[in-house]
Amino acid sequence: QVQLVESGGGLVQAGGSLRLSCAASGRILSINGMGWYRQAPGKQRELVAGTTSGGSTNYADSVKGRFTISRDNAKNTVYLQMNSLKPEDTAVYYCNARGVLTTTRIMNDCWGQGTQVTVSS
(Lines give C-alpha, C1' and ligand atoms only; values in the text may rest on other atoms or scores of the structure.)
Protein backbone atom coordinates (compact mmCIF):
# COMPACT_ATOMS: atom_id res chain seq x y z
CA GLN A 1 0.00 0.00 0.00
CA VAL A 2 1.33 3.44 -0.94
CA GLN A 3 0.19 6.61 0.78
CA LEU A 4 0.76 10.19 -0.30
CA VAL A 5 0.41 12.77 2.46
CA GLU A 6 0.30 16.45 1.56
CA SER A 7 0.94 19.39 3.86
CA GLY A 8 1.49 23.12 3.65
CA GLY A 9 -1.79 24.44 2.35
CA GLY A 10 -3.62 27.34 3.91
CA LEU A 11 -4.88 30.88 3.51
CA VAL A 12 -2.60 33.56 2.12
CA GLN A 13 -3.02 37.04 0.71
CA ALA A 14 -2.44 37.76 -2.95
CA GLY A 15 1.26 38.16 -3.62
CA GLY A 16 2.20 35.83 -0.82
CA SER A 17 3.90 32.45 -0.84
CA LEU A 18 3.20 28.92 0.28
CA ARG A 19 5.20 25.72 0.12
CA LEU A 20 3.46 22.40 -0.32
CA SER A 21 5.04 19.10 0.57
CA CYS A 22 4.02 15.56 -0.31
CA ALA A 23 5.64 12.50 1.19
CA ALA A 24 5.07 9.04 -0.24
CA SER A 25 5.24 6.13 2.15
CA GLY A 26 5.03 2.38 1.84
CA ARG A 27 7.33 -0.34 0.57
CA ILE A 28 8.57 1.90 -2.21
CA LEU A 29 11.59 1.05 -4.30
CA SER A 30 11.31 3.85 -6.80
CA ILE A 31 8.91 6.44 -8.19
CA ASN A 32 8.97 7.57 -11.79
CA GLY A 33 6.94 10.78 -11.95
CA MET A 34 5.68 13.01 -9.17
CA GLY A 35 3.59 16.10 -9.56
CA TRP A 36 0.93 18.46 -8.38
CA TYR A 37 -2.57 18.93 -9.73
CA ARG A 38 -5.27 21.32 -8.61
CA GLN A 39 -9.02 21.51 -8.82
CA ALA A 40 -11.01 24.67 -8.29
CA PRO A 41 -14.76 24.59 -7.58
CA GLY A 42 -16.68 23.82 -10.75
CA LYS A 43 -13.55 23.14 -12.76
CA GLN A 44 -11.70 20.06 -13.91
CA ARG A 45 -8.55 18.89 -12.22
CA GLU A 46 -5.51 20.30 -14.00
CA LEU A 47 -1.79 19.67 -13.95
CA VAL A 48 0.16 22.37 -12.14
CA ALA A 49 3.69 20.97 -12.27
CA GLY A 50 5.42 17.65 -12.70
CA THR A 51 8.87 16.17 -12.33
CA THR A 52 10.51 12.89 -13.32
CA SER A 53 13.02 10.83 -11.40
CA GLY A 54 15.66 12.20 -13.76
CA GLY A 55 14.89 15.78 -12.81
CA SER A 56 12.90 16.97 -15.80
CA THR A 57 10.13 19.41 -14.94
CA ASN A 58 7.09 20.85 -16.64
CA TYR A 59 4.64 23.54 -15.63
CA ALA A 60 1.24 24.82 -16.56
CA ASP A 61 1.54 28.10 -18.43
CA SER A 62 -0.45 29.85 -15.72
CA VAL A 63 2.18 29.15 -13.05
CA LYS A 64 5.42 29.41 -15.01
CA GLY A 65 7.82 31.80 -13.34
CA ARG A 66 5.87 31.75 -10.06
CA PHE A 67 5.86 28.10 -8.96
CA THR A 68 8.81 25.76 -8.60
CA ILE A 69 8.59 22.00 -8.22
CA SER A 70 11.38 20.06 -6.59
CA ARG A 71 11.91 16.54 -5.41
CA ASP A 72 13.94 14.57 -2.91
CA ASN A 73 14.19 11.06 -4.33
CA ALA A 74 15.81 9.68 -1.19
CA LYS A 75 12.79 10.79 0.85
CA ASN A 76 10.17 10.08 -1.85
CA THR A 77 9.01 13.64 -1.32
CA VAL A 78 7.95 16.33 -3.77
CA TYR A 79 7.60 20.02 -3.03
CA LEU A 80 5.82 22.92 -4.67
CA GLN A 81 7.06 26.40 -3.89
CA MET A 82 4.36 28.87 -4.82
CA ASN A 83 5.25 32.55 -5.03
CA SER A 84 3.32 35.61 -6.18
CA LEU A 85 0.07 33.81 -5.49
CA LYS A 86 -3.09 35.05 -7.15
CA PRO A 87 -6.74 34.55 -6.20
CA GLU A 88 -7.13 32.34 -9.26
CA ASP A 89 -4.64 29.91 -7.72
CA THR A 90 -7.27 29.05 -5.12
CA ALA A 91 -8.00 25.34 -5.35
CA VAL A 92 -7.51 21.98 -3.72
CA TYR A 93 -4.01 20.83 -4.59
CA TYR A 94 -3.40 17.12 -5.06
CA CYS A 95 -0.12 15.24 -5.07
CA ASN A 96 0.33 12.55 -7.70
CA ALA A 97 2.86 9.77 -8.10
CA ARG A 98 3.16 7.64 -11.24
CA GLY A 99 5.05 4.47 -11.89
CA VAL A 100 5.50 3.58 -8.24
CA LEU A 101 7.53 0.42 -7.88
CA THR A 102 6.99 -1.33 -4.56
CA THR A 103 8.30 -4.62 -3.24
CA THR A 104 5.17 -6.39 -4.49
CA ARG A 105 3.78 -4.47 -7.47
CA ILE A 106 3.89 -1.47 -9.76
CA MET A 107 1.25 1.15 -9.11
CA ASN A 108 0.51 3.28 -12.11
CA ASP A 109 -1.23 6.20 -10.40
CA CYS A 110 -1.38 7.26 -6.76
CA TRP A 111 -3.09 10.32 -5.31
CA GLY A 112 -2.96 12.23 -2.08
CA GLN A 113 -6.05 13.41 -0.23
CA GLY A 114 -5.59 17.04 -1.26
CA THR A 115 -4.77 20.24 0.56
CA GLN A 116 -6.70 23.49 0.30
CA VAL A 117 -4.94 26.62 -0.91
CA THR A 118 -6.93 29.82 -0.63
CA VAL A 119 -5.59 33.13 -1.92
CA SER A 120 -7.46 36.23 -0.82
CA SER A 121 -7.47 39.43 -2.84
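Data block above holds the structure.
In this text, all values refer to a predicted model and were calculated from it rather than measured experimentally. Counting of residues starts from 1 at the beginning of each chain's written sequence and follows it residue by residue. For a predicted model such as this one, the threshold for reporting local features is a pLDDT of at least 70, and the threshold for listing and counting side-chain atom pairs is 80 or more; totals across whole chains, interfaces and linings nevertheless cover every residue. Only hydrogens and water are set aside when side-chain values are computed; all heavy atoms of the structure are taken into account.

1. Quick word on unusual backbone geometry
Reasoning step 1: The phi dihedral of Asn76 is positive, around 50°, even though this residue is not glycine.
Reasoning step 2: Along the chain, the position of Asn76 falls in the loop between β7 (67–72) and β8 (77–82).
Reasoning step 3: In this structure, Ser84 takes a positive phi of about 50° despite not being glycine.
Reasoning step 4: Runs of H or I in DSSP of at least four residues are treated as helices and runs of E of at least two as strands, each being numbered from the N terminus. With respect to the helices and strands, Ser84 occurs in the loop between β8 and β9 (91–102).

2. Section: a nonpolar patch on the surface
Reasoning step 1: Together, Leu29, Leu101 and Ile106 give the surface a local cluster of nonpolar side chains, amounting to about 280 Å² of exposed area.
Reasoning step 2: Tracing the backbone through its elements, the reader meets Leu29 in strand β4 (residues 28–39). Here the term patch refers to residues with relative accessible area over 30% and no salt bridge, with like charges joined within 9 Å and nonpolar side chains (Val, Leu, Ile, Met, Phe, Trp, Tyr) within 5 Å. The Shrake-Rupley method, run with a 1.4 Å probe, gives the accessible areas here. Residue values count only the displayed protein chains as cover. Note on definitions: salt bridges are taken to be side-chain nitrogens of Lys or Arg within 4 Å of carboxyl oxygens of Asp or Glu.

3. Re the environment of Arg45
Reasoning step 1: Positionally, Arg45 belongs in the loop between β4 and β5 (46–52).
Reasoning step 2: In this structure Arg45 comes out as partly exposed when scored by relative accessible area, which is 36%.
Reasoning step 3: For the pair Arg45 and Asp89, spaced 44 residues apart in sequence, the C-alpha to C-alpha distance is 13 Å.
Reasoning step 4: Only heavy atoms enter the contact rule, under which two residues are in contact if any of them lie within 4.5 Å. The contact partners of Arg45, leaving out residues within four places of it in the chain, are Tyr37, Arg38, Gln39, Tyr94 and Trp111. In this scheme, a residue with accessible area under 20% of its type's maximum is buried, one over 50% is exposed, and one in between is partly exposed, where area comes from a 1.4 Å probe on protein chains only.

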